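Letter by letter, the chains look like this.
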Amino acid sequence: MNTYPRVNILGCGISAINLPQAEQTVLQALLEKRKSYVVIGGVNGILVAQKDPNYKNLINRALLCTPDGMPLVWCGWKEGFKDMDRVYGPDLMLRMMEIGTEHGIRHFLYGGKEGVAGILKANMEAKFPGVQITGIYCPPFRELNNGEREELQQMVAEQKPDIIWVGIGAPKQERFMERYLPLLDTTMMCGVGAAFDFHAGKLAQAPHWMQRAGLEWFFRLIKEPGRLWRRYLLGNPLFLWLLFCQWTGLRRYRSPDMA
């Protein structure tokens, strides 16, 4: 199994990788049946981890915590990891759907509003002939009750997916993966948030130039101001301040313990 160093960003270990390295690591873990989960790391998740040590530990125990946003990539470049690049959840999902067809990888979709996962499944099957999406599950916007948990366990046991894509938003999806990975008959889980809506055509993605310039947050804020204003207008300045404190030594963050 390839292992990559991690960049200590406020005590969270962000994998110093790029997209080709991430997809090969995920594929290798799937072929080796290495039970694990992948976190698509962003600024919001790192801020959540500052208030929740359990969430920070969850991030640091992941097989990978990918640099989803350009600010995390820039932090990696500052530390000397010049090959580090953005590993965007929607992009990783597409690549694994594509290369998975060559290796018989079986996928399962968990998340999205009513009907979204079905559209996503149809879109992926049209885009990648031969892709195996064994099932979908649209969860309620709350914790699963006992009956729902048993239903999900039975579905996964019958359909035997290699990887479950979880699209219920951070930090909820990461907590779900940590809790349910031992309970489900699958090898891997990967939380990809809004990728479900993007690939189902329900939500527009930022132009590539805005993504590379670190301005995707602004595009998404314009599209969903009511939901995202607090995350970006309050969270982004706080992240920059904490990062300044780390870089100047005003505050020290222990090097994260990784799996």
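Given the structure is predicted, the values throughout are model-derived calculations rather than measurements.

(A) Quick peek at the pairing of strand 8 (residues 188-191). Burial along strand 8 is two-sided: M188 and C190 and M189 and G191, pointing in opposite directions, are all buried. By the bridge criterion, three bridges tie strand 3 (residues 36-41) to strand 8 in an arrangement that is parallel. Counted as the bridge partner of Y37 is M189 from strand 8. Two elements, strand 7 (residues 163-167) and strand 8, share four bridges in a ladder whose sense is parallel. Its bridge partner being in strand 8, V166 is matched across the sheet by G191.

(B) The packing of aromatic side chains, seen in detail. Under the criterion given, the structure shown has six aromatic pairs. Arranged with centres 5.7 Å apart and planes meeting at 25°, the rings of W241 and F244 form a pair that is stacked. Of the two residues, W241 and F244 both sit in helix 12 (residues 225-248), three residues apart, roughly one turn of that helix. Taking the relative accessible area as the measure of exposure, W241 reaches 48% and is therefore partly exposed.

(C) Up close: the environment of L228. Looking at where L228 falls in the secondary structure, it is placed in helix 12. In this structure L228 comes out as buried when scored by relative accessible area, which is 0%. With 11 residues separating them along the chain, L228 and W217 place their C-alpha atoms 8.9 Å apart. Residues within four places of L228 in sequence aside, it is in contact with R220 and L221.

About the thresholds
Residues numbered from 1 in each chain as written. Predicted model: local features only at pLDDT ≥ 70, side-chain atom pairs only at ≥ 80, totals over all residues. Heavy atoms only, no water. Buried < 20%, exposed > 50% of the residue type's maximum accessible area, 1.4 Å probe, protein only. Helix = DSSP H or I, 4+ residues; strand = E, 2+ residues; numbered from the N terminus. Pairing = 2+ DSSP bridges. Phe/Tyr/Trp six-rings, centres within 6.5 Å; stacked < 30°, edge-to-face > 60°. Contact = heavy atoms within 4.5 Å.

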